Every structure is written in C-alpha cells, then in structure tokens.
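A closer look at the structure
For reference, the chains in residue letters:
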Amino acid sequence: MRIPCTIIALLLLSVPEESAVASDRYFGGYECTDDCSGHRAGYLWAEQKGITDPIECPIPRNSWSFHEGCLAYAEDPYRGADEDDEGDEIE
C-alpha cells in the first residue's frame, strides 16, 4: 500500500522541533540535545566520584547526556561544568 506524500509531510510537520533537531550546543565535544544540563550533571558526578578512566562511567539506562558528561570529565577534568564549549553558561 502506498502512502500519499501529503500524509507523510503532515506526519513530519507534527514532530516537535526539539525531538527532530539536536541542539547547536556542545559540552566537551559532545552534542547537547537541549541545554547541556545532563552533561553538566554527569561531569559533576564524575568529579565527585574521582573518575579518571572513561570505562568507569556507568552505561546509561536512560541518559546518554549524563554518560557523555562523565566521559567529558574523564577526558578533561579541568574544563569545568559551568559552561558549554562556546562559553555559554549552563543552568
């Protein structure tokens, strides 16, 4: 069965923009999906735990951004958690 192009176009238009397009923000080289707060949380967690090797970062069950924040800390513990890669503040 063929689906008319207009139905496909309507389905694509109904997808919320934030789920269809990733953010233009990066944290430690990892693309943020929203405001980088998940990356910040993972970074701070890794800092608190003293993570030094990326293999020590927990495998994510529901938050890749937390995992990537942990990786960012293991890769560069001096970058800090308060700003994205462009220097914009993370709240």
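Higher on the page you've got the structure.
So, a few notes on the structure that sits alongside this text. What you are looking at is a predicted structure, and each value in this text was computed from that prediction instead of being measured. (Residues numbered from 1 in each chain as written. Predicted model: local features only at pLDDT ≥ 70, side-chain atom pairs only at ≥ 80, totals over all residues. Heavy atoms only, no water.)

Brief notes about unusual backbone geometry
- Its identity as a non-glycine residue notwithstanding, Cys36 has a phi of 70°, on the positive side.
- If you trace the backbone, Cys36 turns up in the loop between β2 (30-31) and α3 (37-49). (Helix = DSSP H or I, 4+ residues; strand = E, 2+ residues; numbered from the N terminus.)

Overview of the packing of aromatic side chains
- This structure, assessed with the given rule, holds three aromatic pairs.
- Measuring from centroid to centroid gives 5.7 Å for Phe27 and Tyr43, while their planes differ by 80°, and the two rings are edge-to-face. One end of the pair, Phe27, is in strand β1 (residues 26-27); the other, Tyr43, is in helix α3, with 16 residues separating them in the sequence.
- Phe27 sits in the buried class, given a relative accessible area of 0%.
- Measuring from ring centre to ring centre gives 5.0 Å for Tyr43 and Tyr73, while their planes differ by 80°; the resulting arrangement is edge-to-face. In this pair, Tyr43 sits in helix α3 while Tyr73 sits in helix α4 (residues 64-75), placing the two residues 30 residues apart along the sequence.
- Here Tyr43 falls in the buried class, since its relative accessible area comes to 1%. (Phe/Tyr/Trp six-rings, centres within 6.5 Å; stacked < 30°, edge-to-face > 60°. Buried < 20%, exposed > 50% of the residue type's maximum accessible area, 1.4 Å probe, protein only.)

Topic: the pattern of salt bridges
- Taken as a whole and judged by the stated rule, the model has three salt bridges.
- We note a salt bridge from Arg25 to Asp84, for which the minimum N-O separation is 2.7 Å. Linking Arg25 in the loop between α2 (17-20) and β1 with Asp84 in the segment after α4, this pair joins segments that are 59 residues apart in sequence. (Salt bridge = Lys/Arg side-chain N within 4 Å of Asp/Glu carboxyl O.)

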